[in-house]
Amino acid sequence: MSPTPKISRRAVTLAGLGVAAAAAIGGIVLEAPRLLRRRARGQYADLVNRLNDPDQAAVVGRALQSHAVPAKEDLDALRAALAKKPFTDVIAADAAEGNLLEADGWILPATLAALCILAAQSA
Amino acid sequence: MSAFIDARTVAAGSIIETDLAIIGGGPAGISLALALAGSPIKMVLLESGAMNFDGRTQALYAGAESGFPYLKLEGSRLRYLGGSTNHWGGWCRPLNGIDFEARDWLPHSGWPFGRAEIEPYFKRAQSLVEAGPLVYDRGSDWTKEIGAPLDLGDGGVYTSWFQFSKTRTSFLPTHFGRRYADDLRRIAHLSPYVHANVTGLRLAPDATSLDHLDVATLTGNTFTVKPRITVLATGAMENARLLLASNDVAPRGVGNADDLVGRFFADHPIPRDSATLVVFDGRLASFYPNNTTIRGAILRATFSPSEDYQRRHSVLGSLTTVENEVTLDELGRAAVATAAGALGVDGSSAKAFSMGCGIELAPDPDRRLTLGSERDALGMPRLRLAMHVADSNFAHYRETMKELGRQLLAARLGMVRLNQKTHADWLSVMDWGNHHMGTTRMSADPRKGVVDANSQVHGVGNLFVAGSSVFPTYGASNPTLNLVALTLRLAAHLRKVFA
């Protein structure tokens, strides 16, 4: 029976740090586009930054120029809804209930369309 | 086996007596003759053309069109044995139950019977068009091994199914003339004539029955057919033309006391690129964009409004097919990325497809065929078509596609773009199904229809009409399978009449 090879605590620590560093670098690489995305500022930032990419949303928002910017009370209601339900569920529910808007032919949940309008305002 | 008789060789001025005259050797006329093959009824089939395309015969179809841009009248049909099945695409689908219903939101709607009345004839009709086993909306079960349809969840649009005609030796759909010529020759009590143009439906002096038919050839020969019963089966344009032009006894034409013959002409607009479908995960079963052959059936999935949705939202029928994959522009890419992200799904593999469609038109009395002043080589007045398509027809379709978009978003599966909006948009992508319908519409009420529920011309006891000209409303389904089923029903009725 051969003796079990000894692994030093230092080697284990270094290996662990190596794995962690690799994971961190990988994460940064994968998430870089998202991290580098512009974050919206201003009065609508809390809503617009719910979107993955406010710049992309602004492109959609510009196709909705004929629609008015959502009223303050509508935005307050949206903030209240988001306090109770995940953002993605609010958007899906909007679609399920048929609250839809058309952006140059694209059929969108009305709440999402409103956020796109805000993104265009904030851009 | 008897041969086809060349009408040019018939002794001029002769009178041919028969039990039944079938005018027209298209899918309706041929199906009727085949359905009566086992009966003792002595039949004459009168076909204007012969076995192949002939320019002079085809030119008899020329006419004039005005209004909403439409096809040349001589270009959207074929005048030789087999009729327009010589250039059809083979798309088949039975009409839905709602297509027969009177709908209060749809003026002039309602057949004198429901779909159940022609249901028993679909099996034989399916066999005649050679579309394999009768599957249609069992298509999802039939194609399980290939893939699953999109799970659209609750909503007004569902995946429905087309089937396709296919001959045994060719990838082309069944051309009735070529396919059934020998079967016609085998019917001992059928005399099939080619080059035989009926130029007049001559009524008895009291106008309550048809006395005889005038027949002419392009070589100048003329003779008479004297049948006990006649079935007019020359397509929705020529049926109207022959009825209107036969105005020697009834000044407005045969069956036209209420000025209905030629009105309510319809076709299916089939605009290209009507909408864009996006699936977020990029996965779409092959039976959406392609015809799929499985266990003897050629199937293709299509998006259709459910009957319940049509009733609740007052929308006309439509059938939307997925066509080719397309590349999205900047706005499209932004819309997909934004929507997928907001729904919490990965849209990085999304694929987009152009969609096409067939749209049902609302019945419109002003979409109309009348006789013009010009005459063809046989001296028959040529047709004039006043085409009229209200934008509301397209609005119905947009409503249905919006519902599909809603369902896809709610199911977090994908999304839809409505590609056409204005009148000019629709015109720029317009094509037509060549599905002529409606000009001798069916109604139990003589003031509202040209033929009754048995396809008999109101007031003319021995004259019947076969084909899609009798459809009072049109559905979105392609007409051939349905007109064949309806013709088989007429055959069953005629057996009783002759019994």
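Once a new chain begins, its residue numbering starts again from 1 and follows that chain's sequence as written. Here chains are named by letter from A upward and ligands by number from 1 upward, in the order in which they appear as written. Reporting of local features is limited, given that this is a predicted model, to residues whose pLDDT is at least 70; pairs of side-chain atoms are given and counted only at 80 or more, and all residues count toward the totals for whole chains, interfaces and linings.

Draft legend 1. Geometry of the overall build of chain B. Going along the chain from the N terminus, every DSSP run of H or I of four or more residues is numbered as a helix, and every run of E of two or more is numbered as a strand. Each helix and strand in chain B was counted, giving 11 helices and 19 strands. Throughout, the radius of gyration refers to the C-alpha atoms, and the reference size of a globule is 2.2 Å times the residue count to the power 0.38. Against the globule reference of 23 Å for 499 residues, chain B gives a C-alpha radius of gyration of 24 Å, in line with a compact fold. We call two residues in contact when their backbone-placed C-beta atoms lie within 7 Å. Residue pairs in contact within chain B that sit at least 24 positions apart in sequence constitute 75% of those at least 6 positions apart.

Draft legend 2. Representation of the overall build of chain A. A tally of regular secondary structure across chain A gives 6 helices and 2 strands. Taken from the N to the C terminus, the helices and strands of chain A come in the order α-α-α-α-α-β-β-α. Counting other C-beta atoms within 10 Å of a residue's C-beta gives its exposure: the residue is buried at 20 or more, exposed at 12 or fewer, and partly exposed in between, where C-beta atoms are placed from the backbone. Within chain A, buried positions represent 31% of all 123 residues. Of the contacts formed within chain A by residues at least 6 apart in sequence, a portion of 61% connects residues at least 24 apart.

Draft legend 3. Layout of the pairing of strand S16 (residues 368-375) of chain B. Residue and element names in this part refer to chain B. Where S16 lies against strand S17 (residues 381-387), 5 bridges are found, and the strand directions are antiparallel. Bridged to Thr 370 within S17 is Arg 384. Here S16 folds back onto S17 in antiparallel fashion, the turn holding 5 residues, of which Gly 379 has a positive phi close to 85°. One requirement defines pairing of two strands: DSSP has to find at least two bridges between them.

Draft legend 4. Representation of helix H6 (residues 110-122) of chain A in the model. Residue and element names in this part refer to chain A. An expected span of 1.5 Å times one less than the residue number is assigned to each helix. With 13 residues, H6 should reach 18 Å at 1.5 Å per residue; the first-to-last C-alpha distance of 18 Å fits that figure. Of all 13 residues in H6, 11 are buried, a share of seventy percent or more. Three or more residues of H6 are buried, namely Thr 111, Leu 112, Ala 113, Ala 114, Leu 115, Cys 116, Ile 117, Leu 118, Ala 119, Ala 120 and Ser 122.

Draft legend 5. Molecular detail of unusual backbone geometry. For A:Asp104, which is not glycine, the phi dihedral falls at a positive 45°. As for its placement among the helices and strands, A:Asp104 is situated in the loop between strand S1 (100-103) and strand S2 (106-109). In this structure, B:Asp273 is a non-glycine residue whose phi angle is positive, near 50°. Positionally, B:Asp273 belongs in the loop between helix H6 (235-245) and strand S11 (275-279). For B:Asp273, a count of 17 C-beta atoms within 10 Å translates into the label partly exposed.

Draft legend 6. Molecular detail of the sheet that holds S16(B). Residues and elements named next belong to chain B. One open sheet holds the 3 strands; their spatial order is S4-S17-S16, and the pairing between them is mixed. Each of the sheet's edge strands pairs with one partner strand only, and the pair in question is strand S4 (64-67) and S16. Going from strand to strand, the sheet's axes swing by 30° on average, the running direction of each strand aside. Here, axes are lines fitted to C-alpha atoms. For helices the fit covers the stretch in contact, and angles between N-to-C directions go from 0 to 180 degrees. Sheet strands in contact with H6 are S16 and S17, and its direction is about 65° off that of S16.

Draft legend 7. Local environment of the interface of chain B and chain A. The interface of chain B with chain A comprises 23 residues on the first partner and 25 residues on the second. Within the residue set of the side of chain B that touches chain A, elements represented by two or more residues are helix H8 (330-342), helix H9 (392-410) and strand S18 (414-418) of chain B. Considering every element that reaches the side of chain B that touches chain A, the biggest residue donor is H8(B), with 9 residues. Residues are sorted three ways: Asp, Glu, Lys and Arg are charged, Ala, Val, Leu, Ile, Met, Phe, Trp, Tyr, Cys and Pro are nonpolar, and all the rest, Gly among them, are polar. The residue makeup of the side of chain B that touches chain A, split by class, is 12 nonpolar, 5 polar and 6 charged.

Draft legend 8. How the structure looks around helix H5 (residues 176-186) of chain B. Residue and element names in this part refer to chain B. Taken as a whole, H5 has its buried residues at Phe 176, Gly 177, Arg 179, Tyr 180 and Leu 184. Axial view of H5: buried residues confined to an arc of 150°, hence all on one face. Of the surrounding elements, those touching the buried residues of H5 are helix H1 (27-35), strand S3 (43-46) and strand S7 (190-194). Directions from the helix axis toward the C-beta atoms define the arc.

Draft legend 9. Fine view of the packing of helix H3 (residues 54-62) of chain A against H6(A). Residues and elements named next belong to chain A. Interaxial distance between H3 and H6 falls to 7 Å at its minimum, and their mutual angle equals 105°. Relative to H6, H3 is oriented roughly perpendicular. Here Pro 54, Ala 57, Ala 58, Val 60, Gly 61 and Arg 62 of H3 lie close against H6, whose contacting residues are Leu 115, Cys 116, Ile 117, Ala 119, Ala 120 and Ser 122. Here the contact of H3 with H6 is composed, by residue class, of 9 nonpolar, 2 polar and 1 charged. Should an angle fall under 35 degrees it is called roughly parallel, over 145 degrees roughly antiparallel, and 65 to 115 degrees roughly perpendicular, with every other angle called oblique.

Draft legend 10. A look at the confidence of the model for chain A. You can read pLDDT as the predictor saying how much it trusts each residue, on a scale of 0 to 100. Put simply, chain A has an average pLDDT of 84, and 81% of its residues get 70 or more. The least confident element of chain A, judged by mean pLDDT, is helix H1 (residues 9-36) of chain A at 65; the most confident is S2(A) at 98.

Draft legend 11. Quick look at the confidence of the model for chain B. In the predicted model, chain B carries a mean pLDDT of 96, and 99% of its residues have values of at least 70. Interface scoring of the predicted complex returns ipTM 0.92; its pTM is 0.92.

Draft legend 12. Spatial organisation of the environment of A:Ala58. Residue and element names in this part refer to chain A. Topologically, Ala 58 is positioned in helix H3. When the 23 C-beta atoms within 10 Å are taken as the criterion, Ala 58 is described as buried. For the pair formed by Ala 58 and Val 48, sequence separation is 10 residues and the distance between their alpha carbons is 9.6 Å. Leaving out residues up to four positions away in the same chain, Ala 58 has contacts with Ala 119, Ala 120 and Ala 123.

Draft legend 13. Layout of the packing of helix H5 (residues 87-96) of chain A against H9(B). Axis separation between H5(A) and H9(B) bottoms out at 8 Å; the angle between their running directions is 150°. Looking at the two axes, H5(A) sits roughly antiparallel to H9(B). With respect to the hand of their crossing, H5(A) and H9(B) are arranged in left-handed fashion. Here H5(A) contributes A:Ala92, A:Ala95 and A:Ala96 to the contact with H9(B), which in turn contributes B:Arg406, B:Leu409 and B:Ala410. Of the residues that constitute the contact of H5(A) with H9(B), the class distribution is 5 nonpolar, no polar and 1 charged. In this scheme the crossing of two helices becomes right-handed for a clockwise turn of the near helix relative to the far one and left-handed for an anticlockwise turn of less than a right angle.

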